[in-house]
Amino acid sequence: MSKIALVTGCSSGIGLQTAIDLAKNGYTTYATMRNIDKKNKLEVGAQKANVKLNIVQLDVSDDNSVSKVIDQIKNEHQRIDVLVNNAGYGLFGSIEGTSIEEFKEQIDTDFFGAVRTTKKILPIMREQGEGFIINISSVAGFMGFPIVPAYVCSKFALEGFTECLRHELYEKNSDKQIHAVLIEPGVVNTSFYDNMKVAKDARNVPKHKEMLDGMMAAGAQLFENAMGPEEVSKKILRVLNEENPEPRYRVGNDSNQYWADRSVKTPLEFEATIRGMLEMMTDQKPE
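This write-up is about the structure you can find in this document. (Residues numbered from 1 in each chain as written. Predicted model: local features only at pLDDT ≥ 70, side-chain atom pairs only at ≥ 80, totals over all residues. Heavy atoms only, no water.)

## Some words on the pattern of salt bridges
- Counted by the stated rule, this structure contains 17 salt bridges.
- The salt bridge involving Asp71 is made with Lys120; its shortest N-O contact spans 3.1 Å. Taken as a pair, Asp71 in helix H3 (residues 63-77) and Lys120 in helix H5 (residues 112-128) lie far apart in primary sequence, 49 residues in all.
- Linked by salt bridges that have partners in common, Glu159, Glu163, Glu184, Arg248 and Arg250 make up one network. (Salt bridge = Lys/Arg side-chain N within 4 Å of Asp/Glu carboxyl O. Helix = DSSP H or I, 4+ residues; strand = E, 2+ residues; numbered from the N terminus.)

## Focus on the nonpolar core
- Among the nonpolar cores identified, the biggest contains 32 residues, and Leu42, Leu53, Ile134, Ile183, Val232, Ile236 and Leu240 are the most heavily contacted of them.
- Examining the composition of this core, we find that 6 residues originate from one element, helix H1 (residues 13-24), more than from any other.
- The residues contacting Ile236, other than those within four sequence positions of it, are Thr18, Val84, Ile134, Ile136 and Ile183.
- Counting residues in hydrophobic clusters, the runner-up holds 28 residues, among them Leu58, Val66, Ile121 and Ile133. (Core = buried A, V, L, I, M, F, W, Y, C linked by side-chain atoms within 4.5 Å. Buried < 20%, exposed > 50% of the residue type's maximum accessible area, 1.4 Å probe, protein only. Contact = heavy atoms within 4.5 Å.)

## Focus on helix H8 (residues 229-240)
- Taking 1.5 Å as the rise per residue, H8 with 12 residues should run 16 Å; its terminal C-alpha atoms sit 17 Å apart, in good agreement.
- Of the surrounding elements, those touching the buried residues of H8 are H1, strand S4 (82-85), strand S6 (131-136), strand S7 (178-185) and strand S9 (248-251). (Expected span 1.5 Å × (residues − 1).)

## Side note on the sheet that holds strand S3 (residues 54-57)
- If you trace the 7 strands from one edge of the open sheet to the other, you get S3-S2-S1-S4-S6-S7-S9, paired in parallel fashion. Of all strands in the sheet, those bounded by a partner on one side alone are S3 and S9. Taking the axes of each pair of neighbouring strands and ignoring which way they run, one obtains an average angle of 20° across the sheet.
- With 4 bridges joining them, S7 and S9 adopt parallel strand pairing. Pairing of Pro185 across the sheet is with Val251, part of S9.
- Most of the contacts of helix H9 (residues 253-264) go to S9, to which it runs at about 120°, and overall it touches S7 and S9. (Pairing = 2+ DSSP bridges. Axes fitted to C-alpha atoms, helices over the stretch in contact; angles between N-to-C directions.)

## Considering the packing of helix H4 (residues 100-110) against helix H6 (residues 149-169)
- The N-to-C vectors of H4 and H6 enclose an angle of 35°; their axes lie 9 Å apart at closest approach. Relative to H6, the crossing made by H4 is right-handed. The residues of H6 that touch H4, namely those facing Phe103, Gln106, Ile107 and Asp110, are Pro149, Ala150, Tyr151, Cys153, Ser154 and Lys155.
- For the contact of H4 with H6, a count of residues per class yields 6 nonpolar, 2 polar and 2 charged. (Left-handed = near helix turned anticlockwise from the far one by under 90°. Nonpolar A, V, L, I, M, F, W, Y, C, P; charged D, E, K, R; others polar.)

Have a look at this one:
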């Protein structure tokens, strides 16, 4: 019997590639996106891969939308085996240049979106006694950067949420488990960077305007030369075959290097490393 997978944020990038690869590996896959008008790229990719996808509109920031889609899948298949929480976006703007409303919008999609889908799907997985919840985090989930604080906050929250979830899901002395896992990619060559928003007042903070412009320029080059989304999708598929998956899996040389640096350096040394990297990227002298 085919396993059932739900992937959010499939209009491009990691979500698109993951949905296609899950279908190629025998999963009945529901590929969702907020704006269904953007489904063309996914349809073309599925056709090229010769796979069938169920493409559905889902807004992770809307309780009713989440409930409608998950209820639909449950009614059609009586189970959901895999949830990949991928939907999200990035926001440029320093803390001073980002409004409270912009912080809330970012976190409502990138964090509470995952909370909504997880809470709705958990009773289904509890009933069947097993499943996988894959939360797409980032290097920004274990280290902070300037100029993207709202995004960093959403990913730090997602990491804490997932760690709590793992403890709550654990069934002692049971052969069946519901697994919650974090995927922490480094920079990935997707349209994520092109789709990043800029806070309304981002350039109205003189101290940060040059750093913002420098990071935006450097980011374009980083994303262009980065690994492809298929590397993340391959990792997800490998995790789904693990009997006892780890809490987090990093993807990409940059993610692994940051984690290693953070593990062996003191907090001040690691902070200095990040500032040095930002200096090289943006030509801004850290204070």
